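Below, each chain spelled out in residue letters.
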Amino acid sequence: MKKIISVLSSLLFAGLLVASAQVSSVYVLNLYAHQIVNPTLVKKPIRKAPAKPVIPVVTVDGHTLNFSAPLSEGQIELLNEDEELEYTIYVAQGSTKVVIPAYITGYYYINIVQGNYCFSGDIDL
């Protein structure tokens, strides 16, 4: 009986070691929003504060960006450390998942442009 308990506990401990070794790289992007203003269209001072945009919740799993809500038509830009544009992908309306090519790796500054708003943050691919 003691031998069976010892074998079972060893198997359980080995299973826990294997499960802890499989570290997932899934994380949530920390984004902030800013409004894109075309100065040629502004004719009068804005008297009311514009409505705050809903910042999308984005989880990163490897090279896949998963959005909590469908996106409106827009684009995603990746800028390198020198703030040079390295990659742009156009997003169709209603998309909830975007895959970035595997050859793009490292730390980037990400811009998610949706209409008059840009959501920005840092991403590690």
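Refer to the structure printed above.
Residues numbered from 1 in each chain as written. Predicted model: local features only at pLDDT ≥ 70, side-chain atom pairs only at ≥ 80, totals over all residues. Heavy atoms only, no water.

J.: Residue-level account of the pairing of strand β8 (residues 107-114), with values.
T.: β8 sits mainly inside the fold: 6 of its 8 residues count as buried. Note: strand β5 (residues 74-79) against β8, 6 bridges, orientation antiparallel. Following the sheet pairing, Glu-77 is matched in β8 by Asn-111. Bridging between β8 and strand β9 (residues 117-124) involves 8 bridges; their strand directions are antiparallel. By the bridge assignment for β9, Tyr-107 is matched with Asp-124. (Buried < 20%, exposed > 50% of the residue type's maximum accessible area, 1.4 Å probe, protein only. Helix = DSSP H or I, 4+ residues; strand = E, 2+ residues; numbered from the N terminus. Pairing = 2+ DSSP bridges.)

J.: Hey, could you go over the side chain of Thr-64 for me, with residue numbers and the actual values?
T.: Within the secondary structure, Thr-64 sits in strand β4 (residues 64-67). If sequence neighbours within four positions are ignored, Thr-64 has contacts with Thr-59, Lys-97, Val-98 and Val-99. (Contact = heavy atoms within 4.5 Å.)

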